[in-house]
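Close look at the chain arrangement
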Amino acid sequence: MSGLSVNEGIVSAPAVLFTHSMPAVPERDARDAAFEIEHVKRAIDTVAAHLDQQAKRPHGDIFAAHSMMLRDPELWQAVQARIQAGAIAERAWADALQALADDFRAAESQYMREREADVQDIARQVMMEMTGEPAAAVAIEQPSILLARDLMPSDVAGLDSAKVLGICLSEGGKTSHSAILARAMGIPALVKARGCLEQVTPGQMVTLDGFAGLLWFAPSAAVSAQLAAQRDAWQAEQHQAKQRALQHASTTDGISVSVLANIGGPDDVRKALDSGAEGVGLFRTEFLFQRSDSLPTEQEQFDVYCDIAAALGDQPLTIRSLDVGGDKPLAAFPMPSEDNPFLGVRGVRLCLKHPELLVTQLRAILRAHQQHRNIQLMIPMVARVDEVRQVKALLQREADALGLDASTLPVGIMIEVPAAVLNADALAAEVDFFSIGTNDLTQYVMAADRGNTELTDLINYFDPAVLRAIEMTCAAGGKAGIPVSMCGEMAGDPKATQQLLNIGLRKFSASASLLPALKAQIRQTAVMK
Ligand code: PEP
Ligand code: MG
């Protein structure tokens, strides 16, 4: 059967068939409009918060876009209007989203038509939240090839790539988000293999050839042998690439470069190490704070920090102190809304205004560091020396209270606010390392909201102004003799590697899935002096 290849590779395994459905609109009477509006609003907020978390993960743009879609004021108006007209929350939501999906399906461009799956995805997630219906998980016990009509991004993100060896969709499209995610996860995949669900029975052995765009389910002996030979060659190549990723990378002129991983929680550590990470350059601790309605205790945090530090052996674990506020709300710590959240009380600013948030974390870090010397602390959103001093004073106070020595814990800062670049000399005298956060640095240097899709031209870390800010940071770090790393998206972009090495950067931290290609890029680059 022929389809359209969206990711190369060749795999053989039993087929698993997957279908999922939209929860039905419950049969109940409408209560007052305020109740119905609150019901759908709460579900949207929960799903959006979850998407914002997923947006932090590798290839999270899709989920960031879904979160924006959910917050679209026009959509919200359409839902409210239906409720005001007497519909229950679930009916109002289902109908408004169906209308939106219909618009996309009727669009002229292929790309827009493929966005229908994205609408269905957010529609279903909010419906599940409202009806309390559990997600139909794809139950895959053994390595398999997954066949489905279409997969939504949330389905693909939840797949275990050790068990799903290949994906074959009867629908889908080349630019559909499920295809993008399959590529990002390195899973060979076909789309538009029409009729595959009808022709293949569950458990039947199939071979997916992502080079030729074919799904084989009854090949002749000769074809089987040929496919097996191709598959073995591909697997050997994959294995080699993995082995190369595990080795340290140097440039062609022999300059050694450290490559670390950005992680969002303990679940990311295994993949980071398997992808060749030489430690963690950024642990975004927000997940600990955002996963429940109550703040994590000192002991809960301590356990997580110790577990990750132990898994890394003697390689560094850079724990970033809580970086919420602004666009990252915290259910457990409601904050007043601000006119300019990105310029508001976020990151270290929030922590210094509400030291109780930070103190528990500092105590957990100090205690974990006592057992795991590879732990270091990183402070986000620093603009001024004074902020560093205040955090350090809190650290000292808590260390004294615990009877621990704070001086052995390395303390660094993120350089992501233009003021920090301009204050870099003074800041370098106070801290043990810098890490450049190009996501925020770019938005602040360019004065362009990083989530605003109308401004993608401006949100460009190759802009000379951003490059100059990076250069100034590296120079200040170099002068003070402290290490400078980068943990924003730019660090994982192979198109930026040459420029960053030229500027003097020697430490990169990026999502695990980007590390093998990053190391390969470093190995073929010569630093221009
Ligand atoms: C950054 O701003 O570049 C960064 C790494 O932090 P975050 O993306 O979590 O804001
Ligand atoms: Mg940031």
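Computed from a predicted model, the values in this text were never measured in an experiment. (Residues numbered from 1 in each chain as written. Chains lettered and ligands numbered in written order. Predicted model: local features only at pLDDT ≥ 70, side-chain atom pairs only at ≥ 80, totals over all residues. Heavy atoms only, no water.)

Considering the pairing of strand S12 (residues 375-379)
- Of all five residues in S12, five are buried, a share of seventy percent or more.
- Where strand S11 (residues 317-320) meets S12, four bridges bridge the pair, whose relative direction is parallel. When the sheet's bridge partners are listed, Leu317 is paired in S12 with Ile375.
- Inspection of the sheet shows S12 paired to strand S13 (residues 411-415) by three bridges, in the parallel sense. Of the residues in S13, the one forming a bridge with Leu377 is Val411.
- Between the parallel pair S12 and S13, the chain is carried across by helix H16 (residues 385-402), and the sense of this crossover is right-handed. (Buried < 20%, exposed > 50% of the residue type's maximum accessible area, 1.4 Å probe, protein only. Helix = DSSP H or I, 4+ residues; strand = E, 2+ residues; numbered from the N terminus. Pairing = 2+ DSSP bridges. Right-handed = clockwise from strand over helix to strand, strands pointing away.)

Focus on the coordination of the magnesium ion (ligand 2)
- Of the protein atoms, only Glu416 (OE) and Asp440 (OD) coordinate the magnesium ion (ligand 2), at distances of 2.0 to 2.2 Å. Residue Glu416 is located in the loop between S13 and helix H17 (418-422), and its partner Asp440 is located in helix H19 (residues 438-446); the two are separated by 24 residues in the primary sequence.
- Of the residues examined, Asp440 reaches a relative accessible area of 3% and is grouped as buried. (Donors = N, O, S within 2.8 Å, 3.2 Å for Na, K, Ca; no water.)

Focus on helix H6 (residues 116-131)
- Counted at 1.5 Å a residue, the expected span for H6 with its 16 residues is 22 Å, and the 22 Å between its end C-alpha atoms agrees.
- Of all 16 residues that make up H6, 14 are buried, and the element is covered over most of its length.
- At the C-terminal side of H6, Gly132 shows a positive phi close to 75 degrees. (Expected span 1.5 Å × (residues − 1).)

Quick word on the sheet that holds strand S3 (residues 144-148)
- An order of S1-S5-S4-S3-S2-S6-S7 is seen for the seven strands of this open sheet, with the pairing classed as mixed. With one partner strand each, in any of the chains shown, strand S1 (4-7) and strand S7 (214-216) form the two edges of the open sheet. Direction aside, the axes of adjacent strands within the sheet are offset by 35 degrees on average.
- Taken strand by strand, helix H10 (residues 221-246) contacts strand S2 (10-18), strand S6 (205-209) and S7, and its axis lies near 100 degrees from that of S2. (Axes fitted to C-alpha atoms, helices over the stretch in contact; angles between N-to-C directions. Contact = heavy atoms within 4.5 Å.)

Topic: the pattern of salt bridges
- Counted by the stated rule, this structure contains 29 salt bridges.
- Across the salt bridge formed by Arg270 and Asp274, the nearest N and O atoms sit 3.2 Å from each other. Linking Arg270 with Asp274, this pair stays in helix H11 (residues 269-274), spanning four residues, or about one helical turn.
- For Arg270, a relative accessible area of 52% gives the class exposed.
- Relative accessible area serves as the criterion here: at 34%, Asp274 is assigned to the partly exposed category.
- A single salt-bridge network, built from bridges that share partners, covers Glu286, Arg320, Asp323, Arg346, Asp440 and Arg450. (Salt bridge = Lys/Arg side-chain N within 4 Å of Asp/Glu carboxyl O.)

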